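Okay, here's what each chain looks like letter by letter:
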Amino acid sequence: MALFDENCPAYFAENEKEDYATYLKANQDTYMVLQNTEGAVVAAYGLAYIEEMNRARVTWIMVSPTGQRAGLGRQMMAAVIGGARELKVDAIDIATSQHADQFFAKFGAIEIRNIKDGWGKGMHRIDMELKL
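Once a new chain begins, its residue numbering starts again from 1 and follows that chain's sequence as written. Restriction of local features to residues with pLDDT of at least 70 applies here, the model being predicted, together with a cutoff of 80 or more for giving and counting side-chain atom pairs; totals for whole chains, interfaces and linings are based on all residues. Note that water and hydrogens are dropped before the side-chain values are worked out from all heavy atoms of the structure.

Comments concerning the overall build of the protein
Stated precisely, the cut-off is as follows: Going along the chain from the N terminus, every DSSP run of H or I of four or more residues is numbered as a helix, and every run of E of two or more is numbered as a strand. In this description the radius of gyration comes from C-alpha coordinates, and the expected globular size is given by 2.2 Å times residues to the power 0.38. Each residue gets one of three labels from its accessible area relative to the maximum for its type: buried under 20%, exposed over 50%, partly exposed in between, using a 1.4 Å probe on protein chains only. Note on definitions: a residue-residue contact is assigned when non-hydrogen atoms from the two residues lie within 4.5 Å. Only the protein chains shown count as covering a residue, and every accessible area follows the Shrake-Rupley method with a 1.4 Å probe. In this charge count, Lys and Arg are treated as positive and Asp and Glu as negative; neither His nor the chain ends contribute. Charge positions come from single atoms, namely NZ of Lys, CZ of Arg, CG of Asp or CD of Glu.
When you go through the protein residue by residue, the secondary structure sums to four helices and six strands. What you see in the protein, going N to C, is helices and strands ordered as α-α-β-β-β-α-β-α-β-β. Whereas a compact globule of 132 residues would reach a radius of gyration of roughly 14 Å, the protein reaches 14 Å, a difference of no more than 12%. Summarising its shape, the C-alpha atoms of the protein cover approximately 35 × 35 × 30 Å along the three principal directions. Within the span of the protein, comprising 132 residues, buried residues form 42% of the whole. For the protein, restricting intrachain contacts to residue pairs at least 6 apart in sequence, the fraction spanning at least 24 positions comes to 54%. In the structure as shown, the protein presents an accessible area of about 7800 Å², 50% of it carried by carbon and sulfur atoms. Taken together, the 14 basic and 18 acidic charged side chains of the protein have centroids lying 5 Å from each other.

So, the sheet that holds strand E3 (residues 55–63)
Rules: Note on pairing: DSSP must find at least two bridges between two strands before they are called paired. Lines are fitted to the C-alpha atoms to define the axes, a helix being fitted only along its stretch in contact, and any angle between axes, read from their N-to-C directions, falls within 0 to 180 degrees.
Ordered by their spatial adjacency, six strands build an open sheet running E1-E2-E3-E4-E6-E5, and the pairing between neighbours is mixed. Strands at the two margins of the open sheet, each flanked by one partner only, are strand E1 (31–35) and strand E5 (110–120). Averaged over neighbouring strand pairs, the angle between their axes works out to 20 degrees when direction is ignored. Alignment of E5 against strand E6 (residues 123–131), held across six bridges, turns out to be antiparallel. Bridge pairing in E6 places isoleucine 115 opposite arginine 125. Sheet strands in contact with helix H2 (residues 17–26) are E1, strand E2 (41–50) and E3, and its direction is about 115 degrees off that of E3. Contacts from helix H3 (residues 72–86) reach E1, E2, E3, strand E4 (91–97) and E6 within the one sheet, and its direction differs from that of E2 by about 20 degrees.

Some points on the environment of lysine 17
The cut-off we apply is this: Definition of a polar contact: a pair of N or O atoms within 3.5 Å, with one able to donate and the other able to accept a hydrogen when the atoms are protein atoms, and with sequence-neighbouring residues admitted only if both atoms are side-chain atoms.
Checked against the element boundaries, lysine 17 lands in helix H2. Overall, lysine 17 belongs to the partly exposed group, its relative accessible area being 27%. When the C-alpha atoms of lysine 17 and arginine 125 are compared, they prove to be 16 Å apart, with 108 residues separating the residues in sequence. Excluding residues within four positions of it along the chain, lysine 17 makes contact with Met1, Phe4 and Asp5. For lysine 17, the side chain forms a polar contact with the side chain of aspartate 5, separated by 2.8 Å.

What about the pattern of salt bridges?
Going by this rule: By convention in these notes, a salt bridge is any Lys or Arg side-chain nitrogen within 4 Å of a carboxyl oxygen on Asp or Glu.
Summed over all chains, the structure comprises six salt bridges. The shortest N-O distance in the salt bridge between aspartate 5 and lysine 17 comes to 2.8 Å. Note that aspartate 5 is positioned in helix H1 (residues 2–6) and lysine 17 in helix H2, a separation of 12 residues in sequence. Aspartate 93 is the salt-bridge partner of arginine 55, the closest N and O atoms lying 2.6 Å from each other. Placement of the pair is arginine 55 in strand E3 and aspartate 93 in strand E4, with a sequence separation of 38 residues. Connected via shared salt-bridge partners are Arg55, Asp93, Glu129 and Lys131.

So this is what it looks like as structure tokens:
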């Protein structure tokens, strides 16, 4: 939860905090975290498999502001793409905001929908797709 707080309100809307807490309780076995040498969580992500659609979805991907520009996001995306390829899915769905969409675009994700204030006031939801 501390990692979420570090990224709010820059990358997540405050009203998403309860959803994140609920997600963590239900997905402890599949949510990945990266820790620094002191044991603090500096990055985290999930990858959900949607079998009936043969797709994967990135869930709650975030990096501590203290760990940004250190390659952690690139490491997580390599793991996400590798995991999706192991699942043999057609694409990865990404729901992000206007503050992180360019990061995902670097990996080939394209915008498919933009919902103004979709995450909360001033936090637009951008749905993206990364085809494999």
